[in-house]
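Coordinate analysis (summary)
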Amino acid sequence: MAKTIANPFTPVVGKVPPHIAGREEIIADVEAALAGAGNDPAIISLLVGPRGTGKTALLSYFADTAESSGWVAARVTCVAGMLDDVLIRAQRAARHLVDTRPSRKIKGAGIANVVSFELEDSPIEPANWRSKMDDILDALAEQGTGLLVTIDEVNPSIEEMTTLVAAFQHFLDEGKRVALIMAGLPYAVTSLLSGKSTSFLRRAARYELQALNDYEVEEALIRTMRDGGKSFEPDALDAAVKAIKGFPFMLQLVGYRTWRMAGNSEVVDVSVVNDAAGIARKELDRRVYEAIWFELSEADKSFLLAMAKDSGATRQMDLPGRLDKPSGHVSKYKKRLLQQGVIQERSKGILNFCLPGFKEYFMERIAEEREL
Ligand SMILES: Nc1ncnc2c1ncn2[C@@H]1O[C@H](COP(=O)(O)OP(=O)(O)O)[C@@H](O)[C@H]1O
Ligand SMILES: [Mg+2]
């Protein structure tokens, strides 16, 4: 019986792909930091990038690698209640450590007591949180391990971030074995760093998840396809790379559809890739871009339409004239769209659409809407 091979691509948000395209620098830095003595800047890292660039997947990858090299990892999303969540996860992981390593059970007070305390009514007091974390960290240290906390979708308006960051500053100053890796949209991270109470984070290593290079896309496509028992004809590979435009989510969508549509053939030709890319494009529209579209207000749309007049970047100073609005209006809507991760401001006053193909999608939807 022919063995069945599953589709090796992972077009699912947050899923760690079997072959990570690019990102070598950040992976090497973070792994070195986890292996090191705690004085490496990457022990506190920020991953910054628009939607679909692989922030959640990388966080998850780091938590997995940390765990397999003996760290305890607590993975949370930045929402109210996050501190409780970190505590619960750290306790649970610590308890597991005791259960699974009976031979290394510690002397004296130790972890058994630490992991048994109950949580009090929320919201937890900052000082209280820190001291509970101190206990867990001490107990973990006795087991020869440390704690990695990953925080996804960083949101500067969540007050608990302040408590967490302040506590981490203390943990590091006290030489505790901790690591903190956070991910967020560019705007969220920038405003987090500008906050007074979180300014310590300016010391963190900051990684911008840019578009992938074509050769990185190519390599990941070839390897993943090989895992699935198939390969590309050269022009098919070129067509796939062109359709992906360096966008990690699109890599998975195109790869997934291509593998599936190739059916039983072991070598994929260009016509399959072209059909697959067409479907992948629609999926990207439906799964990522449609959600963004429905969040746009009329004023957001006018703003984007005014930006779309430029074939490349837009100067903010051109917008009041085009929109016939005061500059305060422009600043307000710029901020909204930055927050939503639709546009980027790479240098002051220079604005860009930040998701590949979103501008085209936006123009199609506008045309449809205006026809109605
Ligand atoms: N470096 C990469 N190489 C290949 N695929 C990736 C890479 N990073 C992410 N992906 C894939 O892209 C998709 C989006 O990743 P995700 O981590 O959810 O992005 P984000 O959190 O930035 O929105 C997922 O399907 C994931 O498997
Ligand atoms: Mg994510």
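Counting from 1, residues in each chain are numbered in the order their sequence is written. Chain letters and ligand numbers both follow the written order, the letters beginning at A and the numbers at 1. At least 70 in pLDDT is required for a residue's local features to be given in this predicted model, at least 80 for side-chain atom pairs to be given and counted, and no such filter applies to totals for whole chains, interfaces and linings, which use all residues. Processing note: side-chain calculations cover all non-hydrogen atoms of the structure and skip hydrogens and water entirely.

By the naming in an unreviewed UniProt entry, the protein is ATP-binding protein, taken from Ellagibacter isourolithinifaciens.

1. Quick look at the site of ligand 1
We count it as follows: Each residue is tested against the molecule or strand, and it is near if at least one of its non-hydrogen atoms lies within 4 Å. Distance and chemistry together define a polar contact, namely a pair of N or O atoms within 3.5 Å, with one atom able to donate a hydrogen and the other to accept it when in protein, and with adjacent residues in sequence counting only for side-chain atoms on both sides. Under the convention used here, a 1.4 Å probe and the Shrake-Rupley method define accessible areas, while residue burial counts only the protein chains that appear. Per the convention used, a helix needs a DSSP run of H or I reaching at least four residues, while a strand needs a run of E reaching at least two, with both numbered from the N terminus. Residues are grouped as follows: Ala, Val, Leu, Ile, Met, Phe, Trp, Tyr, Cys and Pro are nonpolar; Asp, Glu, Lys and Arg are charged; every other residue, Gly included, is polar.
Taken together, 22 residues sit near ligand 1, with Thr10, Gly14, Lys15, Gly52 and Ala57 positioned nearest. Between ligand 1 and threonine 56, the relevant distance is 2.8 Å, taken from an oxygen atom to a side-chain nitrogen or oxygen of the residue. When ligand 1 sits alone it has 560 Å² of accessible area, and the protein chains cover 95% of it. Elements that contribute at least two residues to the shell around ligand 1 include exactly helix 2 (55-68) and helix 10 (248-261). Among the residues forming the shell around ligand 1, the class breakdown is 10 nonpolar, 8 polar and 4 charged.

2. Things to note about the sheet that holds strand 3 (residues 147-152)
Spelled out, the test is: Strands qualify as paired when DSSP identifies two bridges or more between them. The axes are straight lines fitted to the C-alpha atoms, using for helices just the contacting stretch, and the angles between their N-to-C directions are given from 0 to 180°. By definition in these notes, contact holds between two residues if any of their heavy atoms fall within 4.5 Å.
The sheet built from 5 strands is open, its strands ordered 2-3-4-1-5 with parallel pairing. In the strand order of this sheet, the two ends are held by strand 2 (72-77) and strand 5 (205-208), each with one partner. The average undirected angle you get between the axes of adjacent strands in this sheet is 15 degrees. In terms of strand pairing, strand 1 (residues 44-48) meets strand 4 (residues 178-184) through 5 bridges, oriented parallel. Residue pairing across strands places valine 48 opposite glycine 184, the latter belonging to strand 4. Those strands touched by helix 6 (residues 160-173) are strand 1, strand 3 and strand 4, and its axis lies near 145 degrees from that of strand 4. Running at roughly 145 degrees to strand 1, helix 7 (residues 186-194) makes contact with strand 1, strand 4 and strand 5 of the sheet.

3. Observations concerning the domain arrangement of the protein
Worth spelling out the cut-off: What counts as a domain boundary in this text is fixed by an automatic or database domain assignment. By definition, the buried area sums, over both parts, the 1.4 Å-probe accessible area that each loses when the two are put together.
Domain annotation for the protein reports domain 1 (24-208), domain 2 (215-292) and domain 3 (296-371). Between domain 1 and domain 2, the residue contacts involve 4 residues of the former and 6 residues of the latter. Between domain 1 and domain 2, roughly 360 Å² of surface is buried when both sides are summed, and carbon and sulfur atoms account for 61% of that area. Sorting the residues of domain 1 by area buried against domain 2 places Arg51, Gly52 and Thr53 first, and these three jointly supply 84% of that buried surface.

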